[in-house]
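Secondary and tertiary structure notes
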Amino acid sequence: MEIPTVGLRNGVSLPLVGLGTFGMLGPPCVGAVESAVRNGYRLLDTASNYGNERSVGMGIEESGVDRHRVMVQTKIAGGDQGYDEAINAAKESARRLGVDHIDVYLIHWPCPSLGKSVQTWEALVTLSAEGFVRVPGVSNFKEPHLQALFDATGVWPAINQIQCSPALARTELREFMAQRQIFAQAWHPTGRKEGLLHDPSVLAMARKHGKSPTQIALRWAVQQGIGVVPKSSHRGRQSENADIFDFSLDEADLRALAELDRGEAAARDSDVVEEY
Ligand SMILES: NC(=O)c1ccc[n+]([C@@H]2O[C@H](COP(=O)([O-])OP(=O)(O)OC[C@H]3O[C@@H](n4cnc5c(N)ncnc54)[C@H](OP(=O)(O)O)[C@@H]3O)[C@@H](O)[C@H]2O)c1
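Looking at an unreviewed UniProt entry, one finds the protein named Aldo/keto reductase, with Gordonia asplenii as its source organism. Recorded under Sequence similarities (unreviewed entry), the UniProt text for the protein is reproduced unchanged: "Belongs to the aldo/keto reductase family."

Written out as structure tokens, the structure reads:
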């Protein structure tokens, strides 16, 4: 199984599909990562807050696949925001992952009440210039949060991981990002919590294409160049989630999916939601 990649603004190629790992811990996490990498996944999404960086690193090692062919992205917790704190947090994450550099490093949430996202971003710019981080990015940043980083440093993040699926299309935010070549990667890309997978039009599309409703949701993203990091601890579902490059949604499908967008107000609001 070969997963296509996309070129980011800084020239690094990132797989369009990666494995999400939130909620997976210990040996089950090691096993899930090992099976995903053996199956062809070349990108793992974790975070220091998930408490599983060590297991993700062990899973890659146990897969037997050359470490340099697999990318890991991890995230800075709110409690580690600040310039010196973020530099230290990066070293700690790398130690837990068992790597000498971090492929993709994201500020997990902007946490505006802390007022430290700019200093944190300055640390990522430094780490990137030193080659310790290959792709500096953010997660859950809205337009003003992104603009503040650029205004302070003259550097846009290469990637913004956002809550996104046909049920939460985030059209305006993605347009802002596309104009600045900030790659959009979707978390919770299946939209199952929004009831997307039981929608009659999604079920009809799945029958029409001979695919599962989950594959319809994931195809919607990658067909427009949005990356996805679906989480599955199950080998068969991991394969299913990457098997989305042999069909296309047509105009009628895309129109029907556009009807299911609940709008920006239904997304988790990162001006309010803060995770430390
Ligand atoms: N940046 C952020 O703030 C943020 C926030 C949330 C999540 N994330 C990242 O994004 C990843 C994905 O988001 P998510 O975990 O919330 O949601 P998700 O990937 O959309 O859904 C995961 C759930 O769907 C099930 N599932 C996956 N594929 C399936 C399939 N083909 N058929 C049936 N069930 C399937 C999984 O169960 P099984 O494991 O049993 O298959 C799991 O319960 C996370 O793991 C994490 O890495 C980032």
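What follows deals with the pattern of salt bridges. Inspection of the entire model under this criterion finds 13 salt bridges. Where lysine 208 meets aspartate 250, a salt bridge forms, and the shortest distance between an N and an O atom there is 3.0 Å. One end of the pair, lysine 208, is in helix H7 (residues 200–209); the other, aspartate 250, is in the loop between helix H9 (235–242) and helix H10 (251–258), and 42 residues separate them in sequence. Judged by its relative accessible area of 33%, aspartate 250 is partly exposed. In this structure, aspartate 246 and lysine 211 form a salt bridge, with 2.9 Å as the shortest nitrogen-oxygen distance. With aspartate 246 in the loop between H9 and H10 and lysine 211 in the loop between H7 and helix H8 (213–223), this residue pair connects regions lying 35 residues apart in the sequence.

A few words on unusual backbone geometry. Unusually for a residue other than glycine, cysteine 111 sits at a positive phi of about 50 degrees. Turning to its location among the elements, cysteine 111 is positioned in the loop between strand S6 (102–107) and helix H4 (117–129). A relative accessible area of 0% means that cysteine 111 is categorised as buried. Although it is not a glycine, arginine 170 adopts a positive phi angle of roughly 55 degrees.

The rules we used
Residues numbered from 1 in each chain as written. Predicted model: local features only at pLDDT ≥ 70, side-chain atom pairs only at ≥ 80, totals over all residues. Heavy atoms only, no water. UniProt positions renumbered as here; feature names shortened; annotations may be inferred. Salt bridge = Lys/Arg side-chain N within 4 Å of Asp/Glu carboxyl O. Helix = DSSP H or I, 4+ residues; strand = E, 2+ residues; numbered from the N terminus. Buried < 20%, exposed > 50% of the residue type's maximum accessible area, 1.4 Å probe, protein only.

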